[in-house]
Each structure stands twice: as C-alpha cells, then as structure tokens.
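# Report on the structure
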Amino acid sequence: MIHESANIHPSAVIEGNVTIEANVSIGPFTYISGNVTIGEGTEVMSHVVIKGDTTIGKENRIFAFAIIGEESQDKKYSGEPTTVVIGDRNVIRESVQIHRGTVQDRGVTTIGSDNLLCVNVHIAHDCIVGDNIIMGNNATLAGHVTIEDYAIVSALSPVHQFCTVGAHSFIGGASVVVQDVPPFVMAQGNHCKPFGINIEGLKRRGFEKPEIHAIRRAYKALYRNGNTLEEAKVEINKEIEAFPVLQGFLDLFEKSTRGIIR
C-alpha cells in the first residue's frame, strides 16, 4: 500500500509487501523490497536500499547509499525471517548499514528514536540502540551490542560483540571497546579505559548538582578507591535510595557478560 500523498521518484524500484505512509518521499534509484513499512513524513534519499522485514517509523531522514534490513554478516544466518525495527526522527547519514537480527538471539535489530547515525556507521545483527544517541563517522557495532540512551560513540570506534555502552556515557574517537562501559563514564583508548564522568553532557540534560556529585562518588567507588567490583557495588548501593539514578550502575554490573572497563 502506497499512500496517495507519497512522493516517489520514477526511477525508484518498489516491490513486495511494501507500505509507504503519508508524506513519505522516495528519492531516485532507491530500491525497496520485502515486507517493509515506512512511516509518515520519512524522507528516503537517492540510492538507498531497504530490504527484509523492516519497519521504519515517522519523520526519519535516510541519506544516500544507506542500506537497511540487509542479511546479517553472521555465518549462522540461513535466510530466516528476522527483522529490523527503527523508531522516529532518526537521522541516518550516507552509507549507514543496519543489518537484521538472527534467530540465535532476539531475531531483531532495534533502533530507537531521535538518534544521529553519521556517515558509514555499521550496526550489526541483534543490536539494541536506544534513544538520543550519537554515533560518529565510521563507528561500528558488532553483533549483540547494546547502546543505551544518550550515549555517544565517537568516530572510528568499534564496539565488540555482546558489549553494553551505558546511558549518558561518552566514547572518545578511535577507541576500541571490548568490555562494558558503565553509564555516565567517559572512556577512550585501545583498549578503552575510563577517565572521568560525562559532566558536561549531564549538565546539558538537566541533571541536578546533587545527582552529579552522587555519580562522581559512584565513579570513585568503582575506579579510584582501590575497591574490588563487589566492594564498589556495596558503596554504590548505599546511595541508591537517595539517588535512584545510580541504579544504572548496578543494572549494568548485574547483566554484564564481558566485564566492566577498568
């Protein structure tokens, strides 16, 4: 189904069970195939490929040569009907690649809303990318990675499979992430190491001074006081009732399979 208000260039190829909602524009030489839904007000520019079982929300902007919903680069993938789901108001720049999930995991690659994915970002199978995230040019996610809300992964930084990058954290440019990055932490290097909390980012997002001070104490408990991880958990847990924002640290510790950057 193609809404009558959609603006589709004559050179675009659309085949399969495709739904294009109101006020969508499709640029020249774009190819859309499969069980695809494109939400209202989304702009798809030239030479874009959208395939598979893919759902794209409202008011996204998808730039030239992006590839969304292609088969995963996992040798176990055998053509199973897996998916990509993308939220609203994302900016997906040139040559971004987003691959669909695998049945060995969730079966879906998920992108939230209000994200900026810069040139040549790669998001592999079964990743979970939250909301309000920035990924710089050539940042790459291996399979099964989680990027939590408001995190920034700077240019040229790869993230190892099964890692989590915590909410409001900041990964510096050309860093290699091979273990989980706790929320609020700034990290950089090969391999990535912590070097403080993302104070400027927290101020911009409206965190109060007492919350920032509590986050700083949690960071010191984890990295500066000579504690083991278990000892740091105890110290952080003491302040959870007064500062619920610290729960993000404990949640990450609980679910971590790769270990925490130290």
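Quick notes on the rules
Note on numbering: residues in each chain are counted from 1, in written sequence order. The predicted origin of the model limits local features to residues at a pLDDT of at least 70 and limits the giving and counting of side-chain atom pairs to 80 or more, whereas totals for whole chains, interfaces and linings rest on all residues. To get the side-chain values, all heavy atoms of the structure are used, and hydrogens and water are removed first. The way it works is that DSSP assigns letters per residue, a run of H or I at least four long becomes a helix, a run of E at least two long becomes a strand, and they are numbered from the N terminus. Working definition: with a 1.4 Å probe on protein chains only, accessible area under 20% of the residue-type maximum means buried, over 50% means exposed, and in between means partly exposed. Note: two strands are recorded as paired if DSSP finds a minimum of 2 bridges between them. Only the stretch in contact is used when fitting a helix axis, every axis being a line fitted to C-alpha atoms; angles between N-to-C directions are given from 0 to 180 degrees. Geometric relationships in this document are graded by angle, where less than 35 degrees denotes roughly parallel, more than 145 denotes roughly antiparallel, 65 to 115 denotes roughly perpendicular, and other angles denote oblique. For a crossing to be left-handed, the near helix must be turned anticlockwise from the far one by less than a right angle; the clockwise case is right-handed. Pairs of residues are marked as contacts when any of their non-hydrogen atoms sit within 4.5 Å. UniProt positions are given in the numbering used here, feature names are shortened, and annotations may be inferred rather than shown by experiment. In these notes, a set of buried Ala, Val, Leu, Ile, Met, Phe, Trp, Tyr and Cys residues joined through side-chain atoms within 4.5 Å is what counts as a nonpolar core. Annotation comment: domain bounds sourced from an automatic or database domain assignment.

### Some thoughts on unusual backbone geometry
- Residue His 191 follows Asn 190 across a cis peptide bond; omega there is 0°.
- Here His 191 shows up in the loop between β26 (185-188) and β27 (193-197).
- For Asp 126, which is not glycine, the phi torsion reads 70° and is therefore positive.
- Summarising the element assignment, Asp 126 is placed in the loop between β17 (122-123) and β18 (128-129).
- The exposure class of Asp 126 is buried, given its relative accessible area of 2%.

### With respect to the sheet that holds strand β14 (residues 97-99)
- Across the sheet, eight strands lie side by side as β2-β5-β8-β11-β14-β17-β20-β23; this open sheet has parallel pairing. Two strands close off the open sheet at either side, each with one partner strand: β2 (13-15) and β23 (158-159).
- Two strands pair when backbone bridges link them, and β17 and strand β20 (residues 140-141) are joined in this way by two bridges, in the parallel orientation. In the strand pairing of β20, Ile 123 is matched with Leu 141.

### Examining the packing of helix α3 (residues 229-237) against helix α4 (residues 247-255)
- For the pair α3 and α4, the least separation of the axes is 10 Å and the interaxial angle reads 150°. Compared by their axis directions, α3 and α4 come out roughly antiparallel. The two elements α3 and α4 cross, and the hand of that crossing is left-handed. Note on element contacts: α4 touches α3 through Phe 249, Leu 250 and Phe 253, opposite Leu 229, Lys 233, Ile 236 and Asn 237.

### Focus: the environment of Thr 140
- When you line up the elements, Thr 140 lands in strand β20.
- The spatial distance from the C-alpha of Thr 140 to the C-alpha of Ser 154 is 9.9 Å, given a sequence separation of 14 residues.
- Residues within four places of Thr 140 in sequence aside, it is in contact with His 122, Ser 157, Pro 158 and Val 159.

### Remarks on the UniProt feature "domain: Mannose-1-phosphate guanyltransferase C-terminal" (unreviewed entry) in the protein
- With numbering aligned to this structure, UniProt lists the feature "domain: Mannose-1-phosphate guanyltransferase C-terminal" (unreviewed entry) at residues 1-103.
- As annotated, residues 1-103 comprises 0% helix and 39% strand, and the C-alpha atoms at either end are separated by 28 Å.

### Notes on the nonpolar core
- Formed by 68 residues in total, the largest nonpolar core has its most connected members in Ile 98, Ile 123 and Leu 246.
- Elements with a contribution of two residues or more to this core: β3 (18-20), β6 (35-38), β12 (83-86), β26, α2 (209-223), α3 and α4.
- Three or more residues apiece are contributed to this core by two domains, here domain 1 (7-144) and domain 2 (202-255).
- The contact partners of Ile 98, leaving out residues within four places of it in the chain, are Ile 67, Ile 68, Gly 69, Glu 70, Val 84, Ile 86, Ile 92, Thr 109, Ile 111, Leu 117 and Ile 123.

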